[in-house]
Amino acid sequence: MQNTLVILFCLATPLMVMWLTWLSPALRKVGEIILAYVAGCAVGLTGVMPDGADETLRVVASAAIPMAIPLMLLSSDIKAWSRLAPQFAKSTVCGVLGCIMAVVAGFALFGDGDAENAKVGGMLTGLYTGGTANQAALKVALDIPDKTYLLSHSYSILVSAVYLVIIIVFGRRILSHILPEFSGRKDSGDADGEEGSHNGELFWGLFKRENLPDLGKAMGLTTGIVAAGGAVAWAVSKIASECGSDADVFLAVFILAISLLSVLAASREEVRRIKRTYEAGTFFILIFSVAVSAQVSTSMFNDITPHFFAFIGFATIGALVMHVLLNALLRIDTDTTLVTSIALLCSPPFVPVMAGALGNKAVIGPGIAVGLIGYSVGTYIGFGVAQILLMMV
């Protein structure tokens, strides 16, 4: 019963947000995704969620994002991505360099010259340039004790929650004073040129009778893409396991597979002409945003080790600051900076969330590509940084 209520909350809150943004032009300017994220945080912090709700919320989030990615990519202008590639490539390099600089500076300030903290610095670098799988791989490669790993993982989740609030709610407002505006075509509408999803009327349009056939086509195609991607990821994971690999490759292969299949589908004109795919994808992003943000709770702040927490907090926020400063020197735009930052620090599933908050569909594909590159190189970069920090001990 409790699980059912949690799932209903995750479904009802986006509908409420859509209704409120439809009623209020002021809330529409704030954005549906920001409102969904704030609503989830508010509920999580009040402590009204039942015991065990976090597991249900994680399941909901894990189910929503694979549906969102194909839906948001199906009407994309694939040819436009090549024009964005140089900026994204430069921003990715700046993001990685910014992360390394922040981790090294954080270790110098809060690491106490301790070898274990040096290894944690390398693990954080792998996490913030790749993802959780890279963090787990570095835990084994660097022989980090279970207690230290669990503590750093818990603190990373807490700091990442703060980072997400900053970047999603305030990111564009702050960075627009430092970085240039995105100059490309945001392509936030459907293939038929209709207005983008930040008009609340279009969300209600999802449920209009004349749009149901297109919605049915989109959902059927997306379900097929997710099923095929899951099968490929399962097969690759099984092969990797049989070959003796300890790495958890399922998520990386799954995201790569559904993204590639969606891009291939979007290359066909008849697929790009299916209406309301972007809006339907944004609805799943709202579900994901609520499910993720509702996991924030006051218990995260209990029993914090100040110096260790300061190291992780400095590395996380410092990585964002250094990334922005380096991008400012190269005159890289706000949207590209925010999307590459969230792709590196939070992994590819969060890219559509950021793109939705920006109202910029054009950055989804390149942003996911950045995150996948991070998956492939994060472990090596983290191991290298750990060796540098160990030399400072």
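Residues numbered from 1 in each chain as written. Predicted model: local features only at pLDDT ≥ 70, side-chain atom pairs only at ≥ 80, totals over all residues. Heavy atoms only, no water.

J.: Break down the overall build of the protein for me, with residues and values.
T.: Helices and strands together make up the secondary structure of the protein, namely 17 helices and 0 strands. Its C-alpha radius of gyration of 21 Å places the protein within 12% of the 21 Å reference for a compact globule of 393 residues. Counting every position in the protein, which comprises 393 residues, the buried fraction comes to 53%. Across the protein, contacts joining residues at least 24 apart in sequence account for 84% of those joining residues at least 6 apart. (Helix = DSSP H or I, 4+ residues; strand = E, 2+ residues; numbered from the N terminus. Rg over C-alpha atoms; globule rule 2.2 N^0.38 Å. Buried < 20%, exposed > 50% of the residue type's maximum accessible area, 1.4 Å probe, protein only. Contact = heavy atoms within 4.5 Å.)

J.: Tell me about the nonpolar core, residues and numbers included.
T.: Core analysis: the largest hydrophobic core is formed by 105 residues, its most contacted members being Tyr163, Leu164, Ile168, Phe288, Ile342, Met354 and Ile368. It is helix α4 (residues 53–73) that provides the largest number of residues to this core, a total of 12 residues. Setting aside chain neighbours within four positions, we find Met354 in contact with Ile167, Ile168, Leu338, Val339 and Ile342. Of all hydrophobic cores here, the second largest spans 6 residues; its members include Met123, Leu142, Ile144 and Tyr149. (Core = buried A, V, L, I, M, F, W, Y, C linked by side-chain atoms within 4.5 Å.)

J.: Explain the packing of aromatic side chains to me, and be specific about the residues and the numbers.
T.: Under the counting rule described, the total for this entry stands at 7 aromatic pairs. Put simply, the rings of Tyr155, Phe308 and Phe309 pair up and form one aromatic cluster. (Phe/Tyr/Trp six-rings, centres within 6.5 Å; stacked < 30°, edge-to-face > 60°.)

J.: Talk me through a nonpolar patch on the surface; I want residue IDs and the actual numbers.
T.: Taken together, the side chains of Met1, Leu5, Ile7, Leu8 and Leu11 make up a nonpolar region of the molecular surface, amounting to roughly 500 Å² of accessible area. Note that Leu11 resides in helix α1 (residues 2–23). (Patch = residues over 30% accessible without salt bridge, like charges linked within 9 Å, V, L, I, M, F, W, Y side chains within 5 Å. Areas by Shrake-Rupley, 256 points an atom, 1.4 Å probe, with all protein chains shown as cover. Salt bridge = Lys/Arg side-chain N within 4 Å of Asp/Glu carboxyl O.)

J.: Describe the packing of helix α7 (residues 132–141) against helix α17 (residues 364–391), listing the residues and the values that go with them.
T.: Pairs of packed helices are described in terms of their axes, by the angle between the two and the distance that separates them. Relative orientation of the contacting elements α7 and α17 amounts to 30 degrees, with a least axis distance of 9 Å. Regarding the angle of α7 to α17, the classification is roughly parallel. Considering how the two elements wind past one another, α7 and α17 form a crossing that is right-handed. On the side of α7, the interface is formed by Asn134, Ala137, Leu138 and Ala141, while α17 contributes Gly374, Tyr375, Gly378, Thr379, Gly382 and Phe383. Along the lines of polarity and charge, the residues of the contact of α7 with α17 split into 5 nonpolar, 5 polar and no charged. (Axes fitted to C-alpha atoms, helices over the stretch in contact; angles between N-to-C directions. Parallel < 35°, antiparallel > 145°, perpendicular 65-115°, else oblique. Left-handed = near helix turned anticlockwise from the far one by under 90°. Nonpolar A, V, L, I, M, F, W, Y, C, P; charged D, E, K, R; others polar.)

J.: Give a detailed account of helix α10 (residues 212–242), specifying residues and quantitative values.
T.: Taking 1.5 Å as the rise per residue, α10 with 31 residues should run 45 Å; its terminal C-alpha atoms sit 44 Å apart, in good agreement. Those residues of α10 that are buried are in contact with α4, α11 (250–266) and α13 (277–293). Immediately beyond the C-terminal end of α10, within one or two residues, lies Gly244, with a positive phi of roughly 90 degrees. (Expected span 1.5 Å × (residues − 1).)

J.: Outline the side chain of Thr56, listing residues and values.
T.: One can find Thr56 in helix α4. Taking the relative accessible area as the measure of exposure, Thr56 reaches 10% and is therefore buried. Among the polar contacts made by the side chain of Thr56, one reaches the side chain of Asn3 at a distance of 2.8 Å. Among residues more than four places away in sequence, those in contact with Thr56 are Asn3, Val6 and Ile7. (Polar contact = N/O pair within 3.5 Å; in protein donor to acceptor, adjacent residues only side chain to side chain.)

J.: Residues and numbers for helix α14 (residues 306–329), please.
T.: Look at α14: 34 Å from first C-alpha to last across 24 residues, which is about the 34 Å you get at 1.5 Å a residue. Arg331 sits one or two residues past α14 and shows a positive phi near 55 degrees.

J.: An account of unusual backbone geometry is needed here, citing residue identities and associated values.
T.: Excluding glycine, residues mostly carry a negative phi; peptide bonds, for their part, are mostly trans. With a phi close to 65 degrees, Arg276 is a non-glycine residue in the positive phi region. Looking at where Arg276 falls in the secondary structure, it is placed in the loop between α12 (269–272) and α13. Positioned with a positive phi, Arg331 is a non-glycine residue whose angle comes to about 55 degrees. Its place among the elements puts Arg331 in the loop between α14 and α15 (334–346).

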